[in-house]
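For reference, the chains in residue letters:
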Amino acid sequence: MKLLKLYWQNYISAYKGLSQATWLLAMVMFINQSGSMVLPFLGVYMATVLNFSLQNAGIVLSMFGIGSIAGSFVGGWLTDKFGSFKIQTFSLFFSIPFYIIVPYFKTFETLCIAILFLSFIKELFRPANSASVSFYAKPENLTRAFSLNRMALNLGYSIGPAIGGFLAAVSYNFLFYANACMSFVAGILFVFYFKNRKGNAPFKELNSTIQVPIKEKSAYSDRIFLIFSVFIAIYAFCFFQILNTLPLFYKNVAMMTEKEVGLLMGFNGIVVFVLEMALVHFAEKKFTLTTNMIIGSLFCGAAFVVLIPTHVQFILYASIFLISISEILIMPFASTVAVNRSKPTNRGSYMGLNGISFSLAFVSSPLIGTYIAQNFGFTNLWIFNCIMIVFTSVGFYFIMKKI
């Protein structure tokens, strides 16, 4: 009971002081992400409906990553130039026609092109949205504001794949159409609330352990942040197996149905929704940023270690739980580092580079992951991920000292 009471106190206090605009940004993220049913099932869709090989499916998924890199880079630049409102509006509404037409591309070459353009338009949203969070949140609530946004993302992600599993059992086309509908609803809400809405005064540096003197320069000339971004990309390579090779593993090795895969993937979102705000609030008070990054990455490694000896259903859920805790401890603090090393005039480039780190993983994770799985087996893929996580944890230990 004492543990439950402590959790509840942390959970309630984590929400205090968050602005109305921060909550509305989270609502937009939740609605948009509730429709994100395509990506978790894209690999399964290509393998079962289009009869692509694992390697070809991995290449198509990598095209999603290439589009994401371009979208993050261009989105960060456009955000600095035109503002976050215009870029988020453009991304939400112009992704709709791409979701609708993707099911009509059934060959390997045409699907590569369609997914490339879809991910580019979709990923313009991320750096602009991150800049908005930092614009509307109070400086002292910044990490929690990012956590709230991610909690909304993960609540949507828990609903999306769960519903998507049932839709996929009827027709995979419904996944694309549902994505389009939710993007439209999110776009309407966003424009209605945030048009002409003012945010905070120019960002003031936080009084925190990661505050450093910052020259006004692009993120791409910040050597320390570039190295930090490399380690984030390596971590993300392992983490994003949850979106490509893990669903294929569940379907082809664990012999789960689409509905079971959807429920298992949705469990990730539920864990993050229930635990993130309280855990982040606790972690930022009790641990250093370096400790959080190292522990978070090691949890990701543990998620793959447990898959090596067996894949009974209990272990599959335990693995998702571990990778969810990892996500909670890494993602919001990585965004906080990006914001704290930036200023209002160059924040888009920092958030864009932060997004590129994850987008690089979107390219490498399915491409290398499916190659290893097809040629050496899933067990060797899990071992490879564990080695990468150990390397990343060591990297975080040294680079965070400089940050």
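So, here's what we can say about the structure. (Residues numbered from 1 in each chain as written. Predicted model: local features only at pLDDT ≥ 70, side-chain atom pairs only at ≥ 80, totals over all residues. Heavy atoms only, no water.)

Scanning the protein for helices and strands turns up 16 helices and zero strands. Taking all 403 residues of the protein together, 58% fall into the buried category. Here the contacts in the protein between residues at least 6 apart in sequence split such that 88% fall between residues at least 24 apart. (Helix = DSSP H or I, 4+ residues; strand = E, 2+ residues; numbered from the N terminus. Buried < 20%, exposed > 50% of the residue type's maximum accessible area, 1.4 Å probe, protein only. Contact = heavy atoms within 4.5 Å.)

In this structure, Met277 sits in helix 12 (residues 258-286). Remark: the alpha-carbon pair of Met277 and Leu148, spanning 129 residues in sequence, is separated by 6.6 Å.

Moving on, we come to the packing of helix 13 (residues 289-305) against helix 14 (residues 313-340). Geometrically, a packed helix pair is captured by the angle between its two axes and the distance between the axes. In contact at an axis separation of 8 Å, helix 13 and helix 14 are set at 150° when each is read in the N-to-C sense. By the criterion of interaxial angle, the relationship of helix 13 to helix 14 is roughly antiparallel. Crossing handedness for the pair helix 13 and helix 14: left-handed. Taking contact as the criterion, the partners of Leu289, Asn292, Met293, Ile295, Gly296, Ser297, Phe299, Cys300, Ala302, Ala303 and Phe304 in helix 13 are, on helix 14, Ser319, Leu322, Ile323, Ile325, Ser326, Leu329, Ile330, Phe333, Ala334 and Val337. For the contact of helix 13 with helix 14, the residue count by class is 16 nonpolar, five polar and no charged. (Axes fitted to C-alpha atoms, helices over the stretch in contact; angles between N-to-C directions. Parallel < 35°, antiparallel > 145°, perpendicular 65-115°, else oblique. Left-handed = near helix turned anticlockwise from the far one by under 90°. Nonpolar A, V, L, I, M, F, W, Y, C, P; charged D, E, K, R; others polar.)

Moving on, we get to the nonpolar core. In this structure, Met46, Phe228, Tyr250, Phe304 and Phe396 are the most contacted members of the largest nonpolar core, which totals 122 residues. If one sorts the elements of this core by residue count, helix 14 sits on top with 15 residues. Leave out the neighbours within four places in its chain, and Tyr250 touches Met255, Met256, Val261, Leu264, Met265, Leu316 and Ile320. The next biggest cluster of nonpolar side chains, apart from the first, holds five residues, and it includes Leu78, Ile121, Leu124 and Ala128. (Core = buried A, V, L, I, M, F, W, Y, C linked by side-chain atoms within 4.5 Å.)

According to the stated counting rule, one finds two salt bridges in the structure shown. The salt bridge involving Arg126 is made with Glu123; its shortest N-O contact spans 2.6 Å. Take Arg126: its relative accessible area is 37%, and that puts it in the partly exposed class. (Salt bridge = Lys/Arg side-chain N within 4 Å of Asp/Glu carboxyl O.)

Glancing now at helix 9 (residues 173-194). Helical geometry note: an α-helix holds 3.6 residues per turn, so side chains three or four residues apart project in the same direction. Compared with an ideal rise of 1.5 Å per residue, which puts 22 residues at 32 Å, helix 9 spans 32 Å between its outermost C-alpha atoms and is within 8% of the ideal. Along helix 9, the residues that are buried comprise Leu175, Phe176, Ala178, Asn179, Ala180, Ser183, Ala186, Gly187, Phe190, Tyr193 and Phe194. Note on helix 9: the residue one or two positions beyond its end, Asn196, has a positive phi of about 65°. (Expected span 1.5 Å × (residues − 1).)

Moving on: the side chain of Asn129. As for its placement among the helices and strands, Asn129 is situated in helix 7 (residues 125-136). Those residues in contact with Asn129 that lie beyond four places of it in its chain are Leu25, Met29, Gln88 and Asn149.

Let's shift gears to the packing of helix 2 (residues 20-34) against helix 7. Contact geometry of helix 2 with helix 7 gives a least axis separation of 9 Å together with a crossing angle of 160°. Between helix 2 and helix 7, the angle is such that the two are roughly antiparallel. Considering only the axes of helix 2 and helix 7, their crossing is left-handed. Where helix 2 approaches helix 7, its residues Ala21, Thr22, Leu25, Val28, Met29 and Asn32 are matched on the opposing element by Phe125, Asn129, Ser132, Val133 and Tyr136. A per-class count over the contact of helix 2 with helix 7 returns seven nonpolar, four polar and no charged.

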